[in-house]
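This is what each chain is made of:
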Amino acid sequence: AARELWLSQLDEFPRARKGMERKPPSLQRTKGSEILFGVAPCSLALTQSRRDLFRLFLKQSSGSRRLVMSEFVLQATARGVPVLHVQRRELDALCGGQVHQGVCLEATPLRFKSVEEAETPDLGGEESRNRQLVWLALEQIQDPMNLGALLRSAYFLGVDRVVTSRRNSCPLTPTVSKASAGAAEVFDVYSTDDLQSFLKAKTAEGWEVVGTVSKPEEVEDVPVISCLEFQWNKPIIVVIGSEGEGLSLETQLLCHQMLAIPPGRALHPGIESLNVSVATGILLHSICSQKRRHGD
């Protein structure tokens, strides 16, 4: 009986070993890289020169998705990026179960630019004062989904620059890029260690600083008006506060005006405000639509 058991184990071993060989190998990441995921972020990252690119991972697919995947292969080949065709579970593991749409890209992270780099010659002097420039300043936005949505709206609506406070703010992660529908891959984002000093400096240069508020009754010493009434004729910075606390008091006091979005009905307590990215989209549309009208 013992001999028969031993022989049966020998017979099973090759099968077990064959099964082990079919198990997908673990995909080791390049040191210092991150995994970008989703069709739009990966496609735009491949066409830009803002990241170093290591490997493109595509889901083995057929049917309608084959054309999309073929385009990715062409883009990767043009950049000299190796392409690996893998199973869905491997893509799931690479991006931690995020919605990857069958595409992941191993690349170096995006970094904020220093706010000093924003002081480019074409934005200075008399030309700056005569142009309707809109910059968006973000104070301690921490949710990557919100940051991505903010960048998407800012890019779409024609904001000229986005500046974020470095402290207590979300970095430019792959989740941010996905939430921005790839806008983070083409739209520079600047950061500063001292948002208040930055706002003071721009005020001294003749810019108008406009804050945002969801509860006008809580604002002191700064005039509050409806975003529908706001008119502007010189460069402005629209300052958006954090998801929970809004603008800090120090930043509020540097604003020339505060803008509020008038609600469309009497609101129940507890649902008296909008998500920060939604509110910003409404405000930016109101402001940037003036910019387009004046530019015609």
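What counts and what doesn't
- Residues numbered from 1 in each chain as written.
- Predicted model: local features only at pLDDT ≥ 70, side-chain atom pairs only at ≥ 80, totals over all residues.
- Heavy atoms only, no water.
- Disulfide = S-S within 2.5 Å.
- Buried < 20%, exposed > 50% of the residue type's maximum accessible area, 1.4 Å probe, protein only.
- pLDDT = per-residue confidence, 0-100.
- Helix = DSSP H or I, 4+ residues; strand = E, 2+ residues; numbered from the N terminus.
- Contact = heavy atoms within 4.5 Å.
- Arc of directions from axis to C-beta.
- Salt bridge = Lys/Arg side-chain N within 4 Å of Asp/Glu carboxyl O.

### Some words on the state of the cysteines
Thinking step 1. Overall, the coordinates contain 0 disulfides when judged by the stated rule.
Thinking step 2. Cysteine 95 provides the cysteine sulfur closest to cysteine 104, a residue in no disulfide bond, and the two sulfurs are 4.3 Å apart.
Thinking step 3. With relative accessibility at 0%, the residue cysteine 104 sits in the buried group.

### What to know about the confidence of the model for the protein chain
Thinking step 1. Mean pLDDT over the protein chain stands at 84; residues scoring 70 or higher make up 82%.
Thinking step 2. Looking over the protein chain, one finds the lowest element-wise mean pLDDT in helix 1 (residues 2-22), namely 47, and the highest in helix 6 (residues 144-157), namely 97.
Thinking step 3. Contacts from residues 12-25, a stretch scored under 50 in pLDDT, to residues over four places away or in other chains number 3 contacts.

### As for helix 8 (residues 195-204)
Thinking step 1. Buried within helix 8 we find Leu195, Phe198, Leu199 and Lys202. The buried residues of helix 8 all sit within an arc of 95° when viewed along its axis, so they share a single face. More than 90 degrees from the buried face of helix 8, the exposed residues found are Lys200 and Ala204.
Thinking step 2. In this structure, the buried side of helix 8 is in contact with strand 6 (134-138), strand 7 (161-165), strand 8 (189-192), strand 9 (208-212), strand 11 (236-240) and helix 9 (249-252).
Thinking step 3. Two residues or fewer past helix 8, glycine 206 is found with a positive phi of approximately 100°.

### Considering the pattern of salt bridges
Thinking step 1. A complete count under the given rule lists 7 salt bridges for this structure.
Thinking step 2. When the shortest N-O distance is used, the salt bridge between arginine 50 and aspartate 188 registers 2.9 Å. Of this pair, arginine 50 sits in the loop between helix 2 (39-47) and strand 2 (53-59) while aspartate 188 is found in the loop between helix 7 (174-179) and strand 8, placing the two residues 138 residues apart along the sequence.
Thinking step 3. On the accessibility criterion, arginine 50 (29% relative accessible area) is partly exposed.
Thinking step 4. Overall, aspartate 188 belongs to the partly exposed group, its relative accessible area being 24%.
Thinking step 5. For aspartate 188, the salt bridge identified is with lysine 113, shortest N-O distance 3.3 Å. Placement of aspartate 188 in the loop between helix 7 and strand 8 and of lysine 113 in strand 5 (residues 113-114) is noted, with a sequence separation of 75 residues between them.
Thinking step 6. Exposure remark for lysine 113: the relative accessible area of 30% places this residue in the partly exposed category.

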